[in-house]
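Structural description and commentary
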Amino acid sequence: MSERYPGSPLAARLGLKPGMRVWFHDMPPSIREAIAPDRSDVEELCCASDGLQAAYLFAPTAHHLDRELGALRPLIASNGFIWVSHPTGGGTQCGAEQLTSTAAMHGLVEQDRCAIGSDWTGVKLVPHNQATPA
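Summarised in this report is the structure supplied together with it. (Residues numbered from 1 in each chain as written. Predicted model: local features only at pLDDT ≥ 70, side-chain atom pairs only at ≥ 80, totals over all residues. Heavy atoms only, no water.)

Let us look at the environment of Lys17. Looking at the element boundaries, Lys17 is found in the loop between helix H1 (10-13) and strand S1 (21-25). Residue class for Lys17 comes out exposed when judged on its relative accessible area of 52%. Through-space distance from the C-alpha of Lys17 to that of Asp41 is 7.4 Å; in sequence the pair is 24 residues apart. (Helix = DSSP H or I, 4+ residues; strand = E, 2+ residues; numbered from the N terminus. Buried < 20%, exposed > 50% of the residue type's maximum accessible area, 1.4 Å probe, protein only.)

Written out as structure tokens, the structure reads:
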């Protein structure tokens, strides 16, 4: 994804638009600074709630990911999405394969990927019924 939008702000590359209701969870300060929710004009929610248009969570472990996706899935709007970042590189407890497998158990499918700095890889998840056929 980042190759298609060279030089674009991270919020734009993630599909965050002004006025969008967004919830961020466990976001490292450097990523928060790069997204700049206050300058992106998104409505940052203090907690996830029904009708959520976008969520962004960081999943260092498979157990954490499973718990968070289970809680988020019923709250996401029908046209909403969830970005999940996992640590880049091998040997992590929650890699891309584990992420997509866990997402599928919650009715979510991968739609896109994006490098988030040098330490994280982002995977965009959408409800299964929203995914475009290949």
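So that's the structure; there's more coming.
Grouped together as the largest cluster of nonpolar side chains are 20 residues, with contacts concentrated most on Leu14, Leu16, Ile31, Ile35, Tyr56 and Ile116. Secondary-structure elements contributing two or more residues to this core are H1, S1, helix H2 (29-35), strand S3 (52-58), strand S4 (76-87), strand S5 (108-116) and strand S6 (120-127). Counting residues per element, this core draws most heavily on S3, which supplies three residues. Leu52, Ala59, Ile76 and Leu99 belong to the second-largest nonpolar core, a separate cluster that totals 17 residues. (Core = buried A, V, L, I, M, F, W, Y, C linked by side-chain atoms within 4.5 Å.)

Time to look at the state of the cysteines. All chains considered together, the criterion is met by zero disulfides. Free of any disulfide, Cys47 has its nearest cysteine sulfur in Cys46, 4.3 Å distant. (Disulfide = S-S within 2.5 Å.)

For the rest of this paragraph, the subject is helix H4 (residues 62-72). Since the α-helix turns once every 3.6 residues, residues separated by three or four places project in the same direction. When H4 is considered as a whole, its buried residues turn out to be His64, Leu65, Glu68, Leu69 and Leu72. Projection of H4 onto a plane perpendicular to its axis shows the buried side chains occupying an angular sector of 120°, all on one side. Structurally, H4 contributes buried residues whose contacts are with S1, S3, S4, helix H5 (96-105), S5 and S6. (Arc of directions from axis to C-beta. Contact = heavy atoms within 4.5 Å.)

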